[in-house]
There are 2 protein chains.
Amino acid sequence: VTRMLHIAARERVPRLWPTVFVDALRQIGEIEFAENGHALTEDERLSLIRGCRILLTGWGTMPVPAAIAGDPGELGYICHVTGEMRRVIPAEAIAAGIPVTNWGDAPATGVAEGAMALLLASLKDLRRHAHTKREGGWRLDDETSGGWIYGLNVGIYGCGAIGRRFVELLRPFGSTVRVYDPYVTDVPDGCLRVGSLDELFEESEAVVIHAGLSDETRKSVTAELLAKLPKFGVLINTARGGLVDQDALFAELESGRLRAGLDVLDPDSLPPGHPAREWDNLILTAHQVEREWPTDGGQPTRMLPMHEVCLDNIQRFLDGRALRFTMDSERYARST
Amino acid sequence: VTRMLHIAARERVPRLWPTVFVDALRQIGEIEFAENGHALTEDERLSLIRGCRILLTGWGTMPVPAAIAGDPGELGYICHVTGEMRRVIPAEAIAAGIPVTNWGDAPATGVAEGAMALLLASLKDLRRHAHTKREGGWRLDDETSGGWIYGLNVGIYGCGAIGRRFVELLRPFGSTVRVYDPYVTDVPDGCLRVGSLDELFEESEAVVIHAGLSDETRKSVTAELLAKLPKFGVLINTARGGLVDQDALFAELESGRLRAGLDVLDPDSLPPGHPAREWDNLILTAHQVEREWPTDGGQPTRMLPMHEVCLDNIQRFLDGRALRFTMDSERYARST
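Everything in this summary refers to the structure shown in the same document. On a predicted model such as this, the values are computed, not experimentally measured, just so you know. Per chain, the residues get numbers from 1 upward, laid out in the order the sequence is written. Here every chain gets a letter starting at A, and every ligand a number starting at 1, in the order they are written. Totals for whole chains, interfaces and linings use all residues, but because this is a predicted model, local features are given only for residues with pLDDT of at least 70 and pairs of side-chain atoms are given and counted only at 80 or more. Values shown for side chains rest on all heavy atoms present in the structure; no hydrogens or waters enter the calculation.

Re helix α1 (residues 19-28) of chain B
Residue and element names in this part refer to chain B.
- Among the residues of α1, those classed as buried are F21, V22, A24 and L25. On an axial view of α1, the arc spanned by its buried residues comes to 160 degrees, and they lie on one face.
- Contacts were defined at the residue level, with two residues in contact if any of their heavy atoms lie within 4.5 Å. Going along the chain from the N terminus, every DSSP run of H or I of four or more residues is numbered as a helix, and every run of E of two or more is numbered as a strand. Buried residues in α1 make contact with β1 (3-7), β2 (30-34), β3 (54-57) and α10 (305-319). Under the scheme applied here, a residue whose accessible area is under 20% of the maximum for its type counts as buried, over 50% as exposed, and between as partly exposed, the area being computed with a 1.4 Å probe on protein chains only. What the arc measures is the spread of directions leading from the helix axis to the C-beta atoms.

This is the structure we're talking about:
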């Protein structure tokens, strides 16, 4: 029987351990949860870890002692259920060849779905609808609203895991998809690749940002680019606020020419009383658009993509197949 | 060269004739637009119609004289670009074997997309977000909001053209889809068929209504069914308001237990001052959720699905292939 172990620093983090996930692990083997790991000595923790075949780590876990590299005992695989791992997994374990994986592209699911919600809500003017009903009106003026994804020219700025997931969601709607990403070797089937942000904004009616933030991309969505979008054009940003010249965007929104759905801003929020809080053509979601179904005391009522990735990788390990999202020393050194 | 004709009662209805559609027709043959058809005698109209190969009808067109049935001249096909046709096309033309088609399932595209917008906006609590930002708050409380389609149990009530289109849009999100429709012989691939509305509401976290209104379906979404949905469960209705026991639904919304997105109500709108106009867990779109991109003086800036259906059918007619959405005498007699 496969022995699995998780050492929580104090209590298990509820979000990481929905019942349905724990039940699925129990179908695979034995899973031991050690709580209050902070009260264990390093030797006690090493002894526990050396006695298991698979160690599960993630939020709220105790760091793995570096000494595991020299003598892993029974340990064959460290499955990090979440993303960032430098405070938990020692570089020595990776250098020693113990396979270590993380959640890989799992977070893309929620972010891409959130971006789709913002795109549809912007096109259908849902905030303007709410305002109109609240104020005693009913129908919206024919000339100031509407839009379908069907037939729309959609531009994707950044085509990593999230951008690709977004393109999958977009596919059955029947739009024309253009992609700008100088860092990828290919774009998804059926998408048109463009060579510059100029071209992307020139040809698109809605631009969805899925790029990373770096010195090259900071404020890369400029006033000049925004001016290329047509009247009622839409900008969606669920990536990082710093990618956009926010003053320029807000000027376009205040004039009513563009529409936007923004999960992220730069800085993170708007001060109370800021006029943009009231604009009907701006949907703001306070970096919460990717949130899952209300939890039961913090515990998800279902498996999340990170749990699916974890279960898939454990099965791969047991079958002797290649793992997904394996960490190597070079990536580990670059990660934050 | 193929001669095509449209006789407008007065001016052409802009929504029916976007430039890109007219240009596509001109690629196929000659298209004549006769305006102020109301000023023509019946004989003048008959003479015009007998001289064309394909007659295009739709909103704002002059009725086709019944005498066309006895002597159609060159006329080989009547392509009705929109839906309802009894005030325009005489039963005699259909009985005489002149092929007549309408827009078929074209309206499903916009309605299904609208339903998806409402489902996502309800799950992400976009109206509550707008309210919170307006009032000077920022983040939403963790325990009262959120939801992904990924992993969600979605129930589809009614699986005709719109329900099927909705299922296509839903597919890449990765939900579990249950379908209730006693009138269809099969359900789309990958969907679970359930035998009753009881079962649909018992097993679903979100129910999306795509059923028709009839004596059997009127108020078929009862208080008892709504009570089966879990806390924060979602009801979406873009079909007909009369399908739902609205008092029961409003009681569930007022208590905050459920969430809803409603494009249709019974009756059509809420009086000014009705409390439901202010509920953050209710998104209302005044039967406008299917509206396309803002028009240029009433003229769409792109082709709509009805134009695609029309072009496809004209090409089929010219190629001698079977037409889609052909009207026969029996369906015509039943249509409204």
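Notes on the packing of α1(B) against α10(B)
Residues and elements named next belong to chain B.
- Between α1 and α10, the least distance of the axes is 11 Å, while the angle of their chain directions is 5 degrees. Compared by their axis directions, α1 and α10 come out roughly parallel. For the pair α1 and α10, the contacting residues are F21, A24, L25 and I28 in the first and H307, C310, L311, I314, Q315 and L318 in the second.
- Lys, Arg, Asp and Glu make up the charged group, whereas Ala, Val, Leu, Ile, Met, Phe, Trp, Tyr, Cys and Pro make up the nonpolar group; the residues left over, Gly among them, are polar. Within the contact of α1 with α10, the residues separate by chemical class into 8 nonpolar, 2 polar and no charged. Every axis corresponds to a line fitted to the C-alpha atoms, with the helix fit spanning only the stretch in contact, and the corresponding angles, defined between N-to-C directions, vary from 0 to 180 degrees. These descriptions rest on fixed angle ranges, namely under 35 degrees for roughly parallel, over 145 for roughly antiparallel, 65 to 115 for roughly perpendicular, and the rest for oblique.

Focus on the interface of chain B and chain A
- Residue-level contacts link 74 residues of chain B with 74 residues of chain A.
- Reported buried area values correspond to the accessible surface (1.4 Å probe) lost by two parts on association, with both partners' losses combined. Note on chain B versus chain A: buried area summed over both sides is about 6,000 Å², and carbon and sulfur give 58% of it.
- Sorting the residues of chain B by area buried against chain A places W138(B), W148(B) and W293(B) first, and these three jointly supply 14% of that buried surface.
- For salt bridges, the criterion is a side-chain nitrogen of Lys or Arg within 4 Å of an Asp or Glu carboxyl oxygen. At the junction of chain B and chain A, the tally comes to 4 salt bridges.
- Here K124(B) ties to E113(A) by a salt bridge, and the two come within 3.1 Å at their closest N and O atoms.
- Throughout this description, a polar contact denotes any pair of N or O atoms lying within 3.5 Å of each other; where both atoms belong to protein, one of them has to be capable of donating a hydrogen while the other can accept it, and for residues adjacent in sequence the pair is counted only when both atoms sit in side chains. Here chain B is connected to chain A by 30 residue pairs in polar contact (both at pLDDT 80 or more).
- For the side of chain B that touches chain A, the elements supplying multiple residues, two or more each, are α4 (107-123), α5 (126-134), α6 (161-170), β12 (282-284) and α10 of chain B.
- Element by element, the count of residues in the side of chain B that touches chain A is highest for α4(B), at 10 residues.
- Grouping the constituent residues of the side of chain B that touches chain A by class yields 31 nonpolar, 21 polar and 22 charged.

A short note on the pattern of salt bridges
All names here are of chain B.
- One pass over the structure, following the stated rule, counts 34 salt bridges over all chains.
- For R50, the salt bridge identified is with D71, shortest N-O distance 3.5 Å. Separated by 21 residues along the polypeptide, R50 in helix α2 (residues 42-50) and D71 in the loop between β3 and β4 (77-80) bring together distant segments of the chain.
- Overall, the relative accessible area of 24% leaves R50 in the partly exposed class.
- A relative accessible area of 39% places D71 in the partly exposed class.

Examining the environment of D215(A)
All names here are of chain A.
- Note that D215 resides in the loop between β9 (206-209) and α8 (223-228).
- The exposure class assigned to D215 is exposed, which follows from its relative accessible area of 68%.
- Spatially, the C-alpha atom of D215 lies 39 Å from that of A130, the residues being 85 residues apart in sequence.

Considering the nonpolar core
- With 64 residues, the main nonpolar core has M116(A), L119(A), M116(B) and L119(B) as its most contacted residues.
- In this view, M116(A) contacts I149(A), F166(A), L169(A), L170(A), F173(A), L120(B) and F173(B); residues no more than four positions away in its chain are not counted. Nine residue types can take part in a nonpolar core, namely buried Ala, Val, Leu, Ile, Met, Phe, Trp, Tyr and Cys, and a core is a set of them joined through side-chain atoms within 4.5 Å.

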